[in-house]
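Residue-level listing of the chains:
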Amino acid sequence: MTLNEFHFMIGQTLMYCQVIEHDVKYIYAAMHVGRFEDNLEEIKKYSLGQTLQKLRELDFSDENSYISADDYNFLKQMTKKRNHWCHKTYQNFLYNNNFLQSKEFENEYRKLKRDNERFSNVYKILEKIRIQALKDYGRVK
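Computed from a predicted structure; not experimentally measured. (Residues numbered from 1 in each chain as written. Predicted model: local features only at pLDDT ≥ 70, side-chain atom pairs only at ≥ 80, totals over all residues. Heavy atoms only, no water.)

Side note on the overall build of the chain
How we decide: Helix and strand labels come from DSSP, where a helix needs a run of H or I of at least four residues and a strand needs a run of E of at least two; each type is numbered from the N terminus. Any residue under 20% of the maximum accessible area for its type is buried, any over 50% is exposed, and the rest in between are partly exposed; the area is computed with a 1.4 Å probe on protein chains only. The contact rule is simple, with two residues in contact once any of their heavy atoms fall within 4.5 Å. Each accessible area value is a Shrake-Rupley result obtained with a 1.4 Å probe; residue values ignore everything except the protein chains displayed when judging cover. Counted as positive: Lys and Arg. Counted as negative: Asp and Glu. His and the chain ends are not counted at all. Each charge is placed at NZ for Lys, CZ for Arg, CG for Asp and CD for Glu.
Helix and strand content of the chain: 5 helices and 0 strands. When the elements of the chain are put in sequence order from the N terminus, they spell out α-α-α-α-α. Principal-axis analysis of the C-alpha atoms places the extent of the chain at approximately 55 × 25 × 25 Å. Evaluated residue by residue, the chain yields a buried proportion of 37% over its 141 residues. Counting contacts in the chain only where the partners sit at least 6 residues apart, residues at least 24 apart contribute 71% of the total. Roughly 8700 Å² of accessible area belongs to the chain as shown, and the carbon and sulfur atoms make up 49% of that amount. Distance between charge centres in the chain, computed from 23 positive and 20 negative side chains, equals 3 Å.

Following this line, the structure appears as structure tokens:
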């Protein structure tokens with residue numbers, strides 16, 4: 001992998017993180033009682049962790065949850081993973097001589113590829129859930 005390919009995958013991974021966080025907030029706003037716009041305005045201030053906690057409580061309040069417990073657990077880890085990709089990854093290899101051939105770069109690439117694929121899958125799942133929740137709760141026609 002070249003450094004430009006690594007840069008591209010980092011950007012794509014961060015895009016997935018942003019879309020996931022957006023969709024989680026929209027799902028919550030759709031499911032919560034009251035006006036959708038008011039719910040969305042309230043939840044905008046919350047961190048992803050706070051939003052997930054509120055959404056999980058709401059989602060598991062009946063037997064028809066939209067998101068699985070495993071996916072909630074993964075989403076809880078997302079902030080830590082996102083912070084790694086934003087603040088740590090380059091420090092783990094960039095200061096090595098011939099860093100593109102280093103074990104550290106190889107390790108970061110392997111972790112990035114795994115997270116990128118997982119985030120891509122979760123992003124696609126949550127997009128479908130967001131659309132369905134908006135329909136189920138009468139937020140769109």
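Additional details are given in the paragraphs that follow.
Points about the environment of histidine 7
Rules: We define a polar contact as two N or O atoms separated by no more than 3.5 Å, with the added condition that, inside protein, one atom must be a possible hydrogen donor and the other a possible acceptor, whereas residues neighbouring each other in sequence contribute only through side-chain atom pairs.
With respect to the helices and strands, the residue histidine 7 is situated in helix H1 (residues 3-31). Since its relative accessible area comes to 36%, histidine 7 is described here as partly exposed. Side chain to side chain, histidine 7 and tyrosine 90 meet in a polar contact 2.7 Å long.

So, the side chain of arginine 82
Structurally, arginine 82 is set in helix H4 (residues 69-87). Here the side chain of arginine 82 touches glutamate 21 through a polar contact of 3.0 Å, side chain to side chain.

Let's talk about the nonpolar core
Among soluble globular proteins, nonpolar side chains are generally buried collectively. Heads up, the rule is: What is meant by a nonpolar core is a set of buried Ala, Val, Leu, Ile, Met, Phe, Trp, Tyr and Cys residues, joined one to another through side-chain atoms within 4.5 Å.
In terms of nonpolar packing, the biggest core is built from 26 residues, with Ile20, Val24, Leu55, Leu75 and Leu126 touching the most fellow members. Residue contributions to this core peak at 9 residues, all from H1. In contact with isoleucine 20, other than residues within four places in its own chain, are Leu75, Met78, Phe119, Val122, Tyr123 and Leu126. Grouped together as the second largest cluster of nonpolar side chains are 8 residues, Phe6, Ile10, Trp85 and Phe105 included.

Thoughts on the environment of threonine 51
Within the fold, threonine 51 resides in helix H3 (residues 48-59). The class of threonine 51 is buried, set by a relative accessible area of 0%. Once the C-alpha coordinates of threonine 51 and isoleucine 125 are considered, the two residues, 74 residues apart in sequence, prove to be 18 Å apart. Leave out the neighbours within four places in its chain, and threonine 51 touches Val24, Lys25, Ile43 and Tyr46.

Details of the packing of H1 against H3
Test applied: As a rule, the C-alpha atoms of each element are fitted with a line to give its axis, helices using only the stretch in contact, and angles between N-to-C directions run from 0 to 180 degrees. Angles below 35 degrees are treated as roughly parallel, those above 145 as roughly antiparallel, those between 65 and 115 as roughly perpendicular, and all remaining angles as oblique. Crossing handedness: left-handed means the near helix sits turned counterclockwise from the far one by under a right angle, and right-handed means the same turn made clockwise.
Where H1 contacts H3, the two axes come as close as 10 Å, and the packing angle between them is 40°. It follows from the interaxial angle that H1 and H3 lie oblique. Relative to H3, the crossing made by H1 is left-handed. On the side of H1, the interface is formed by Glu21, Val24, Lys25, Ile27, Tyr28 and Met31, while H3 contributes Leu48, Thr51, Leu52, Lys54, Leu55, Leu58 and Asp59.

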